[in-house]
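# An overview of the molecular structure
Chain by chain, the residues run as shown.
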Amino acid sequence: MFFKNALDISHRIIEMIVAKGDIVVDATAGNGNDTLFLAKLVGLEGKVFAFDIQDMALENTKKRLENNSTDKSVILIKDSHENMDMHVPKGIKAIMFNLGYLPGGDHSIGTKAASTIKAIEKSLDLLKPGGVIMIAVYYGGDSGFDEKEAIMEYVKSIDYKKAIVLVHEFVNQINCPPIAICIEKCR
């Protein structure tokens, strides 16, 4: 298969635009998989800002980075992604979101539509022209349906003069397959 899932689509698009030395954000660090992916792309010359509200997520991310000798270019931040403008400079090349809850964690703690939409709005301001926001929307099981609907409505309302929005959705798969949303800031 060319595209396996929403996360694969996110990674492929990010790989096309992120280079060594860039500044990027993992808005939902989770277990550190995307943080590690981004750290390898930007190298020691770049910087990754990784956000999460859960200690367990930040600990898991830190271990993953240390085990792969990529922790030197990453700043771990215990805060909501909706506050990223307080921690991150303007001129970001890419921002990744994986919505839902921490795999292996407490399912009652997860991303919420209101804070995610604020974070996306702030992301657009922080992005450099031509930069992208990639959002993997996980909405099946016991969480995320309301968030999915709110996010979809919000991205449809983004002014096309400010950013282009592309939604990748697997329409013939079972069990609520995640959706990949790409938002490219206009040049």
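Okay, so let's go over this structure.

So, how was this worked out
Residues numbered from 1 in each chain as written. Predicted model: local features only at pLDDT ≥ 70, side-chain atom pairs only at ≥ 80, totals over all residues. Heavy atoms only, no water. Helix = DSSP H or I, 4+ residues; strand = E, 2+ residues; numbered from the N terminus. Expected span 1.5 Å × (residues − 1). Buried < 20%, exposed > 50% of the residue type's maximum accessible area, 1.4 Å probe, protein only. Arc of directions from axis to C-beta. Contact = heavy atoms within 4.5 Å. Salt bridge = Lys/Arg side-chain N within 4 Å of Asp/Glu carboxyl O. Pairing = 2+ DSSP bridges. Axes fitted to C-alpha atoms, helices over the stretch in contact; angles between N-to-C directions.

## Observations regarding helix H3 (residues 55-67)
Between its terminal C-alpha atoms H3 stretches 18 Å, which fits the 18 Å expected from 13 residues at 1.5 Å a residue. Every buried residue of H3 is listed here: Ala57, Leu58, Thr61 and Leu65. Down the axis of H3, the smallest arc covering the buried residues is 95 degrees, so these residues share one side. Turned more than 90 degrees away from the buried face of H3, the exposed residues are Lys63 and Asn67. Check the buried side of H3 and you find it contacts helix H2 (33-42), strand S2 (47-52) and strand S3 (74-78). A positive phi of about 50 degrees marks serine 69, the residue just after H3.

## Some thoughts on the pattern of salt bridges
Two side chains that carry opposite charge are able to pair once their charged atoms sit near each other. What the rule picks out here adds up to nine salt bridges. For lysine 72, the salt bridge is made with aspartate 71, and the minimal N-O distance between the two is 3.7 Å. For lysine 118, the salt bridge identified is with glutamate 82, shortest N-O distance 3.6 Å. Within this pair, whereas lysine 118 is found in helix H4 (residues 113-126), its partner glutamate 82 is found in the loop between S3 and strand S4 (92-99), the two being separated by 36 residues in sequence. Owing to a relative accessible area of 41%, lysine 118 belongs among the partly exposed residues under this scheme.

## Quick notes on the sheet that holds strand S6 (residues 163-168)
Across the sheet, seven strands lie side by side as S3-S2-S1-S4-S5-S7-S6; this open sheet has mixed pairing. Only two strands of the sheet have a single partner each, and these edge strands are S3 and S6. Strand-to-strand, the axes of this sheet are offset by a mean angle of 15 degrees, without reference to chain direction. Note: strand S5 (residues 127-137) against strand S7 (residues 179-185), six bridges, orientation antiparallel. The residue of S7 that forms the bridge with valine 137 is isoleucine 179. The sheet strands contacting H4 are S4, S5, S6 and S7, and the helix crosses S5 at an angle near 155 degrees.

## Some thoughts on the environment of threonine 35
Position of threonine 35 relative to the elements: it lies in helix H2. A residue is classified by how much of its surface remains accessible, and threonine 35, at 0% relative accessible area, is buried. With 39 residues separating them in the primary sequence, threonine 35 and valine 74 have C-alpha atoms 7.9 Å apart.

Honestly, that's just the spatial picture; any functional story needs more than this.
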